[in-house]
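Single-letter residue listing:
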Amino acid sequence: MSTAIDGGVRAAFRAIADVLIPAAEGMPAASEVDVHGPVLDRIIGLRPDLAERFFRGIGAIAGLPPETAAVQLNAADPQALAAIGLVASAAYYMQPRVRELIGYPGQEKRPGNPDETPEYVANGMLQQVLDRGPIFKPTPKA
Amino acid sequence: MSGKTGGARRDEPVDVLIVGAGPSGAVAARYLAAAGLSVVALEQGHWPDAADFPGRKREFELAAQKRWHPNPNVRDLPRDYPVETSASDINPLMYAAVGGSTTLYAGHWTPFLPSDFRVKTLDGIADDWPFTYEDLLPSLEEIEREVGVSGLPGNPAYPPQRAFPTPPLPIGKAGRKAVEGLDKLGWHWWPGTNAMPSVPYNGLNPCVRRGTCMTGCPEGAKSTVNITFWPHAIRSGARLITGARVREIEVNDQGLATGAVYIDENGRERRQRAAVVIVCANGIGTPRLLLLSKSKRFPDGLANRSGMVGKRLMMHPFSAVLGVFEDELDGWMGPFGQLVESFEFYETDASRGFMRGAKWGAMPGGGPLGVTSFVGSQIFSAGEGGMVEDVWGENLHKLVARRFNHCLVYGIIGEDLPEESNQVVLDPELTDSDGVPAPKLLYKVSQNSHDMLRFHVARCTEAVEAAGAIETVVVHQVRDTGWHLLGSCRMGEDAATSVVDQWGRSHDVPNLYIFDGSTFPTSGGVNPTATIMSVALRQVRRLIAQRHLQEAA
Ligand SMILES: Cc1cc2nc3c(=O)[nH]c(=O)nc-3n(C[C@H](O)[C@H](O)[C@H](O)COP(=O)(O)OP(=O)(O)OC[C@H]3O[C@@H](n4cnc5c(N)ncnc54)[C@H](O)[C@@H]3O)c2cc1C
Ligand code: SF4
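Residues numbered from 1 in each chain as written. Chains lettered and ligands numbered in written order. Predicted model: local features only at pLDDT ≥ 70, side-chain atom pairs only at ≥ 80, totals over all residues. Heavy atoms only, no water.

(A) Up close: the sheet that holds strand β10 (residues 358-364) of chain B. Residues and elements named next belong to chain B. Reading across the sheet, the six strands line up as β3-β9-β10-β11-β8-β14 and stay open at both edges, with antiparallel pairing between neighbours. The open sheet has two edge strands with one neighbour each: β3 (190-191) and β14 (471-475). Here strand β9 (residues 340-342) runs beside β10; their pairing, made up of three bridges, is antiparallel. The residue of β10 that forms the bridge with Val-340 is Ala-362. Set on the sheet, helix α6 (residues 172-185) makes contact with β9, β10 and β11 (407-414); between it and β11 the angle comes to about 65°. (Pairing = 2+ DSSP bridges. Helix = DSSP H or I, 4+ residues; strand = E, 2+ residues; numbered from the N terminus. Contact = heavy atoms within 4.5 Å. Axes fitted to C-alpha atoms, helices over the stretch in contact; angles between N-to-C directions.)

In C-alpha cells form, the structure reads like this:
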C-alpha cells in the first residue's frame, strides 16, 4: 500500500470528498476549498494515526466512480471511510471561507467583564432559586 | 524526620518522597517544603508547555481526537502508561505531566456535599467516611483560595461557606438557555463554579473563554498546580524530578518504606531514599505501584494485608444529553468548564429506584466537528452500519447548520457505588515504555449507576425540551469517560478492611502514605478534584504536626 500523497491519491480523495461534502445548502463542495491541496498534507502530518486507514480506503476505491466508491467503502471498510471523512471534514472546516459561511470565528478570546453584575442577578432569575431554600441534606447528628 | 530545609542533591536521602506531581502531590509538596522538610517528587511526565496546547491553532479539534485525547491508550505517548481495558466497561482517562490529569481537566469545581461523607448513615449503603464535610471545610476554603476558583457564593445546594476568591465567569448564551429550561421546571441551577479565575490570580491569567480547556489552556488561565502550587513548593526547596517512572517502593526488614526505585529519562535505574513516602499517582497509578512493590514481607503488594489494594475502583459512569436550539448560542465559546450546574436530583430519593444521585454541568457544544463528538470521541454520530447519506452529503451541511452554534450539552456525573469486583490488577503481559507491568481494569457499570443515568438522562432531556430544544441527542454511558479515578485504596479505621487511615497513613507500613483519590471510601456524584486537594491538605497538615512522632526507616 502506497502512503505517498501523489497526484493519483489527491485526485481520488478530491472525488470522494465531493461526495461526502458536496455543494449544497449554500455551502461549497470540498474541492472548491481545496481540501485536496496542502491542507491534506498538513492533516496527515498532524494525524499519522489516520494514514493507514486513509490510504487503505483510497487504494480500495481506485478507478470506481466516486458515488459507488463511497457506498462500497462504507459497506466493506467503514473505518477507512470514516478516516477519509474525518480528513475531509477537518480540512473543510479549517478553511476561512467555510468558517465564515457557518459563522465560526474559531476558538478565540472573548474576555468577560468580571465587574459587571450578571444578568441573572440583576433580573431576579437567581432569586427564584434562592427563594426555594437549601436543597442539600445536612450532615446527620452523630 | 530531620526537618532540614530542602535543596537535596540527587539521590541524597530526604525527609519525604512524593510519587506523582498532580494536584494531590503538589498540595503535599508545597506544605511540606514550606514547613522546612526536604522533599523530592518523582513524576513520570514533564512540565507542560502552554505553547504546545493546540487551542490557538486551526486544527484544534483534530488534535483533540489524538495527541490531546484524554485516554492514554489513544494518545499512545511514551510518558503515559497503557491500561488494559478489555474487561472494563469504561476507559480510564488521565495525563502524565506536572499538573497530572488536570492538564486536560474541564475545571468543574464541585466539592463533595455533606451527604457524600455519610451515605451509610443516611442511605444505608456503602460506608461513611471517617470524617465529615464540616471537618474538611477549612481545608477546602484554603484550597479554593490557592486555586483561584471563580463562582458566585450562596449556592443553596451547599451549606454556607467563605466566598470564592474570584467572581463567576459569564454563563453565556448557552448557559442562559439552560437556565430558561430549569427555571420553567422550578429546578435548581447555579452559575458554574470553575477552577478558572475571572481576574488575574496566583500566577494565573483570567479566563478569556477560549473554550479549549480540555486540550490544555493556552492562556495560562485554567488552574493547574504547575502554575499555582509547584512554583511555591520549589521556591521553598522541594525538588521535582520529571521523566522519572517509579517502579517500586522498597521496604526494610522492619517493614518500613525506605524510598523508591525509579527509571530516569535516560532509562537508568535510580534509587531515592526517604524517611516517609507519599503516593499521589491517582486511583489507578497508586494501586498499580503498590501491587508492583511486592516483597518477602509483603507478598501480595505493599500495604495490602487487607487485600483491598486495587479493589472498589469507582469511575463515575457518564451520560450526556445534547440539546439543539433555534437560537445561536455561541456554542464554541468557553469556558469548557461548566456554564451552569444543577443539583436538583443529587440527593437520594429511593422512590426513583436507585440510590444517591448526580450533578449536571451545562457545557457549550464546541466547534464544527463537535456536532458529532464530545471531548475527542465521536459519540453523537450515526456510527457503523449507517448509510453514507446519514452523516455525509447534504445531510452533513444540514447537521452543521442545525447543530453547530446551536447546542448545549449536559454532562451527568453520577455517584458510582463501591464494589469489590471493580478492580485494578497488574496485567501479565502489557508494559509501559520502561518495561514496567501496566495495570488492567476489571470494571462493570453497576445496575444502580445504569438506572441512575437513565433517570437523569430523562430529566436532562426534559430540561432541554423545557428550554425549547428542537432536537435532543442522548448518549448513554459514554465509554471514554473514566475521568475520576477513585476508591482503589480505601481509607477507614479498620486495618482489616481498609488500606489507609483518615490521615492517609497505611495501616501496614507506618511511614507510607496515600494522599490521592484512591483513598475515597465513596465517590460522591461530583467531579472530585476540589475534594482530593482538600483531603490532601488536611492529611499533610496532620503529617507536619505529628512529624516528631513519625516512625521512619
Ligand atoms: C479529561 C479529564 C477531565 C476532567 N475534568 C475534571 C473536572 O472538570 N473537575 C474535576 O474536579 N476533576 C476533573 N478531572 C479529574 C482530575 O483531573 C483528577 O481528579 C485530578 O487530576 C487528580 O489528581 P491526582 O494528583 O490525585 O492525580 P493525577 O492528576 O492523575 O496525577 C497523578 C500523577 O502521578 C504520575 N504518576 C503515576 N504513576 C507514576 C509512577 N509510577 N511514577 C511516576 N509518576 C507517576 C502521573 O504521571 C500523574 O502526573 C478530569 C480528568 C480528566 C482526565
Ligand atoms: S475557556 Fe478559559 S480556561 Fe478554558 S482554555 Fe479558554 S481561557 Fe483557558
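(B) Focus on the side chain of His-406 of chain B. Residues and elements named next belong to chain B. For His-406, the location among the structural elements is in the loop between α11 (394-403) and β11. Within the structure, His-406 has its side chain in polar contact with the backbone oxygen of Asp-327 (distance 2.8 Å). For His-406, the residues in contact, after removing those within four places along its chain, are Gly-323, Val-324, Phe-325, Glu-326, Asp-327, Glu-328, Leu-329 and Ala-401. (Polar contact = N/O pair within 3.5 Å; in protein donor to acceptor, adjacent residues only side chain to side chain.)

(C) Quick peek at helix α2 (residues 38-46) of chain A. Inspection of α2 of chain A places Val-39, Leu-40, Ile-43 and Ile-44 of chain A among the buried residues, and these make up the whole buried set. The buried residues of α2 of chain A all sit within an arc of 135° when viewed along its axis, so they share a single face. Those residues of α2 of chain A that are exposed and angled more than 90 degrees off the buried face are Pro-38 and Gly-45 of chain A. Where α2 of chain A is buried, its residues contact α1 (7-20), α3 (48-60) and α5 (78-94) of chain A together with α2 (60-64) of chain B. (Buried < 20%, exposed > 50% of the residue type's maximum accessible area, 1.4 Å probe, protein only. Arc of directions from axis to C-beta.)

(D) Summary view of the site of ligand 2. In the region of ligand 2, 13 residues are neighbours, and Cys-207, Arg-210, Gly-211, Cys-213 and Cys-217 of chain B sit closest. Per-class residue counts for the shell around ligand 2 are seven nonpolar, two polar and four charged. (Near = heavy atom within 4 Å. Nonpolar A, V, L, I, M, F, W, Y, C, P; charged D, E, K, R; others polar.)

(E) Spatial organisation of the interface of chain A and chain B. Taken residue by residue, the interface counts 58 residues in chain A and 67 residues in chain B. Between chain A and chain B, the buried area comes to about 5300 Å², and carbon and sulfur atoms account for 65% of it. As a salt-bridge pair, Glu-119 of chain A and Arg-176 of chain B come within 2.9 Å of each other at their nearest N and O atoms. Among the elements of the structure, α1, α2, α4 (66-76), α5, α6 (96-102), α7 (119-122) and α8 (125-131) of chain A are those that each provide at least two residues to the side of chain A that touches chain B. (Buried area = accessible area lost by both parts, 1.4 Å probe. Salt bridge = Lys/Arg side-chain N within 4 Å of Asp/Glu carboxyl O.)

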